[in-house]
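Results of the structural survey
Okay, here's what each chain looks like letter by letter:
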Amino acid sequence: NVQVVGYDLVSVKQYYGFADWPEGHAHIDLGNRIIDVLPAPGHEATHIVLYDRNTTLLFSGDFMMPGRLLLDDPAADLASAIRVADFVRNKPVAAVLGGHIEEDTADGLFPWESTYHPKERRLEMSKADLLALPSALSSFNGFYERIGNFTIIAPIRNLMALAGLAVVVLGGLIAGVIIYLRNRRRRSSI
């Protein structure tokens, strides 16, 4: 009796019964155990966060974890952080459990896509970390920054900045070659 939820926004909204995505929240009834489902788009458009009322654990996936917080849509991520923080503000939270760990015990990041993690830090983050996330996201410089317990990156923005720099460098090289060729022609005609 397993049901697989599609990865597209229509499937996610329909399965959980979200009427006003990304506002509000839904529930999963496991029988004597309710899991609250909160929309958290930003890193991914269909991202959700789960709050288990019995254990008071918040399962945040890649929305918040001890590692790189990748913002594909910084405004949506900030709005999601505010909504999730508001939801848990007056609720007990034993721990926030992210999708994976990318940091060591000295708060250093492991290399990208590394599978070897010596001295890996613990997975759990705290309610205080979650409540600090909206402030960290609102003060983010837009590219790459370490703020408190968060390493925040906007990879699309970084790629656009790198592409812009490449265009400027390429334009400078082309201009330099044109100037060089004009000067060479002038010298050869003298």
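Above this text you will find the structure in question.
Notes on the structure follow. What you see is a predicted model, and the numbers here were worked out from it, not measured in a lab.

**Thoughts on the sheet that holds strand β9 (residues 150-153)**
The strands making up a sheet associate through backbone hydrogen bonding, with each pair oriented either parallel or antiparallel. The strand order across the open sheet built from three strands is β5-β9-β8, with neighbouring strands paired in mixed fashion. The open sheet is flanked by β5 (68-70) and β8 (144-147), the only strands paired with a single partner. Recorded for the sheet is a direction-independent mean angle of 25° between the axes of neighbouring strands.

**Examining the packing of aromatic side chains**
Under the criterion given, the structure shown has four aromatic pairs. Between the aromatic rings of Y15 and Y16, the centroid separation amounts to 4.9 Å while the plane-to-plane angle is 90°, which identifies the pairing as edge-to-face. The exposure class of Y15 is partly exposed, given its relative accessible area of 36%. Accessibility expressed as a relative area gives 17% for Y16, which makes it buried. Taking the centre distance of 5.9 Å and the plane angle of 80° together, the rings of Y51 and F87 count as edge-to-face.

**What to know about the pattern of salt bridges**
Taken as a whole, this structure holds nine salt bridges when the rule is applied. Note that R33 is salt-bridged to D52, the shortest N-O span being 2.2 Å. Residue R33 is located in the loop between β1 (26-29) and β2 (34-39), and its partner D52 is located in strand β3 (residues 48-52); the two are separated by 19 residues in the primary sequence. Owing to a relative accessible area of 31%, R33 belongs among the partly exposed residues under this scheme. The residue R53 makes a salt bridge to D36 at a minimum N-O spacing of 2.9 Å. With a gap of 17 residues between them, R53 in the loop between β3 and β4 (57-61) and D36 in strand β2 connect regions that are remote in the sequence. Residue classification places R53 among the partly exposed positions, given a relative accessible area of 40%.

**Description of the nonpolar core**
Within the largest apolar cluster, 26 residues are counted, with the highest numbers of intra-cluster contacts made by L58, F63, M64, L130, L133, F150 and I152. Elements supplying a minimum of two residues to this core: β3, α2 (74-88), α3 (127-138) and β9. Those residues in contact with F63, other than ones at most four positions away along the chain, are A40, H47, V49, L69, D77, S80, A81, V84, L130 and L133. V12, Y16, W21 and V37 belong to the second-largest nonpolar core, a separate cluster that totals seven residues.

What counts and what doesn't
Per-chain numbering applies: the sequence of each chain, read as written, is numbered from 1 onward. Local features in this predicted model are restricted to residues of pLDDT 70 or higher, and side-chain atom pairs are both shown and tallied only at a pLDDT of 80 or more, whereas totals for entire chains, interfaces and linings draw on every residue. As a rule here, side-chain values come from all non-hydrogen atoms in the structure, and water together with hydrogens is ignored. Strands are treated as partners if at least two bridges between them are detected by DSSP. For the purposes of this entry, the term helix denotes a DSSP run of H or I that reaches at least four residues, the term strand denotes a run of E that reaches at least two, and both are numbered from the N terminus. Axis angles are defined between N-to-C directions and span 0 to 180 degrees, where every axis is a line fitted to C-alpha atoms and, for a helix, only to the segment in contact. To pair, rings of Phe, Tyr and Trp, with the six-membered ring standing in for Trp, must have centres within 6.5 Å; the planes then decide the type, stacked if under 30 degrees apart, edge-to-face if over 60, and tilted in the middle. Partly exposed residues are those whose accessible area sits between 20% and 50% of the maximum for their type, while under 20% is buried and over 50% is exposed, using a 1.4 Å probe and protein chains only. We count a salt bridge whenever a side-chain nitrogen from Lys or Arg sits within 4 Å of a carboxyl oxygen from Asp or Glu. For this analysis, a nonpolar core means a set of buried residues of the types Ala, Val, Leu, Ile, Met, Phe, Trp, Tyr and Cys, connected via side-chain atoms within 4.5 Å. Contacts: residue pairs with any heavy atoms within 4.5 Å of one another.

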